[in-house]
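Observations on the three-dimensional arrangement
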Amino acid sequence: MGEGHEVFGGIRAYEIARDEGVQHYIYASTDFPLKNMDWNEEYHWGHNDAKGRVADFIQFQGQGGRMTSCSIVTGPYMDMLFDVMFAPHKQEDGSYLWANPAEDGKIPLIAIEDGGPYALWMFDNVKESAGLFLKVATDEVSFKDIARTFTEVTGKKAAHVTISFPDFFAKAEPWPGAPANFAAGPNAHGDESSMTFVENFTPWWKYWGQGKAEKRDFALLDKIHPNRIKSLREWMEKNNYDGTPKSILKGAKDLRDALSAMQAEKEKQQS
């Protein structure tokens with residue numbers, strides 16, 4: 001939607017929910033990097049900071065009146081190891097390589113399947129969850145940790161190398177000048193606050209890859225969701241993870257399918 005539209009839409013959704021008589025409101029949010037880094041613009045990007053602003057607005061309203069509120073705050077998905085920017089590349093010798101701009105920082109990865117139980121707990125325990133802005137994660141790991149764990153689980157050699165942003169984006173950018181919300185297609189809606197893919201994901205990689213994210217309270221997470229996946233290793237074993245890519249994010253898959261259909265139609269017309 002663009003950063004400006006997402007901030008406006010997030011705030012209006014909350015306001016309308018209060019007017020409609022919603023009793024307990026859960027906002028799906030993310031870390032607020034710009035605020036967490038004391039407003040250092042080097043760490044500003046659209047989709048995270050937009051959600052962070054909305055979460056701050058909701059938290060500021062307090063728990064008075066007829067509606068309580070809370071939030072689940074997530075970092076990158078652990079499942080992204082299957083797809084998009086976190087997937088490794090298989091080398092000619094059979095080993096696997098993660099080549100990206102991440103440094104040695106710990107990243108709070110969350111297994112997608114564990115998101116729902118936290119939300120269910122919040123609905124089932126309104127008094128305890130009211131006012132709770134819960135930062136969730138499955139494990140906090142660096143890409144070196146990911147490569148090492150991958151080898152331990154699969155027996156396959158793996159490594160991580162930190163590469164420059166230009167080298168990374170030369171392969172990762174969907175198309176030259178692609179918008180940050182590229183999954184919505186070339187004609188995706190935006191506004192003056194919208195960023196390009198490169199503008200958005202440069203600070204994204206800096207923040208996560210340098211380990212700047214706020215630490216998670218795993219004791220609290222264990223209490224709320226005792227059956228959660230508790231480590232990267234457990235997630236890899238449960239998902240039979242072997243580095244083989246597969247589609248995870250629906251928007252990215254829809255875009256790939258649409259581009260393939262467009263290319264097929266173009267080839268048909270040319271023939």
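Residues numbered from 1 in each chain as written. Predicted model: local features only at pLDDT ≥ 70, side-chain atom pairs only at ≥ 80, totals over all residues. Heavy atoms only, no water.

The chain goes by NmrA-like domain-containing protein in an unreviewed UniProt entry, where it is assigned to Basidiobolus ranarum. Per UniProt, the chain has the following entry under Sequence similarities (unreviewed entry): "Belongs to the NmrA-type oxidoreductase family." (UniProt positions renumbered as here; feature names shortened; annotations may be inferred.)

By the alternation rule, side chains of strand β4 (residues 96–100) split into Tyr96, Trp98 and Asn100, which are all buried, and Leu97 and Ala99, of which none is buried. The antiparallel hairpin formed by strand β3 (residues 89–90) and β4 contains five residues in its connecting segment, where Gly94 sits at a positive phi of about 90°. (Buried < 20%, exposed > 50% of the residue type's maximum accessible area, 1.4 Å probe, protein only. Helix = DSSP H or I, 4+ residues; strand = E, 2+ residues; numbered from the N terminus. Pairing = 2+ DSSP bridges.)

With that out of the way, let us pick up the pattern of salt bridges. The final tally for this structure, using the stated rule, is 15 salt bridges. One salt bridge connects Asp104 with Lys144, and the closest N-O pair in it is separated by 3.1 Å. Pair noted here: Asp104 is in the loop between β4 and β5 (107–109) and Lys144 is in helix α6 (residues 143–154), with a separation of 40 residues, a long-range link. In this structure, the salt-bridge partner of Asp145 is Arg148, at a minimum N-O distance of 3.1 Å. On the criterion of helical spacing, the pair formed by Asp145 and Arg148 is a turn pair, its members being three residues apart in helix α6. Several salt bridges converge on common partners, so that one network encompasses Lys106, Asp145, Arg148, Glu152, Arg233 and Glu237. (Salt bridge = Lys/Arg side-chain N within 4 Å of Asp/Glu carboxyl O.)

Before going further, it helps to examine the layout of surface pockets. The calculated volume of the second largest pocket comes to roughly 190 Å³. Around the second largest pocket, the lining comprises 14 residues; the ones closest to its centre are Phe32, Asp56, Gln59, Lys135 and Glu214. Sorting the residues of the lining of the second largest pocket by element identifies β1 (24–30), α2 (33–36), α3 (46–60) and β6 (133–135) as the ones contributing at least two each. In terms of residue class, the lining of the second largest pocket is made up of four nonpolar, five polar and five charged. (1 Å grid on protein atoms, 1.4 Å probe; cavity = no way out; pocket = protein on both sides within 12 Å on 5 of 7 lines; lining within 4 Å. Points joined across faces, edges and corners; volume = space filled by probe spheres on them. Nonpolar A, V, L, I, M, F, W, Y, C, P; charged D, E, K, R; others polar.)

Our next topic: the nonpolar core. In this structure, Leu81, Ile146, Trp204, Trp205 and Trp235 are the most contacted members of the largest nonpolar core, which totals 37 residues. At the level of elements, β4, β5, α6, α7 (165–172), α8 (197–209) and α10 (232–238) are the ones that each hand at least two residues to this core. Considering every element that reaches this core, the biggest residue donor is α8, with six residues. Look past the residues within four positions of Leu81 in its chain and what remains in contact with it is Phe86, Ala87, Pro88, Trp98, Ile146, Leu232, Trp235, Met236 and Tyr241. (Core = buried A, V, L, I, M, F, W, Y, C linked by side-chain atoms within 4.5 Å. Contact = heavy atoms within 4.5 Å.)

Let us now look at the packing of helix α1 (residues 3–20) against α3. Viewed as axis vectors pointing N to C, α1 and α3 meet at an angle of 25°, and their least axial separation amounts to 9 Å. Overall, the two elements α1 and α3 adopt an arrangement that is roughly parallel. Considering only the axes of α1 and α3, their crossing is right-handed. Listed contacts from α3 to Glu3, Glu6, Val7, Gly10, Ile11, Tyr14 and Glu15 of α1 are Gly46, His47, Asp49, Ala50, Lys51, Arg53, Val54, Phe57 and Ile58. In terms of residue class, the contact of α1 with α3 is built from seven nonpolar, three polar and six charged. (Axes fitted to C-alpha atoms, helices over the stretch in contact; angles between N-to-C directions. Parallel < 35°, antiparallel > 145°, perpendicular 65-115°, else oblique. Left-handed = near helix turned anticlockwise from the far one by under 90°.)

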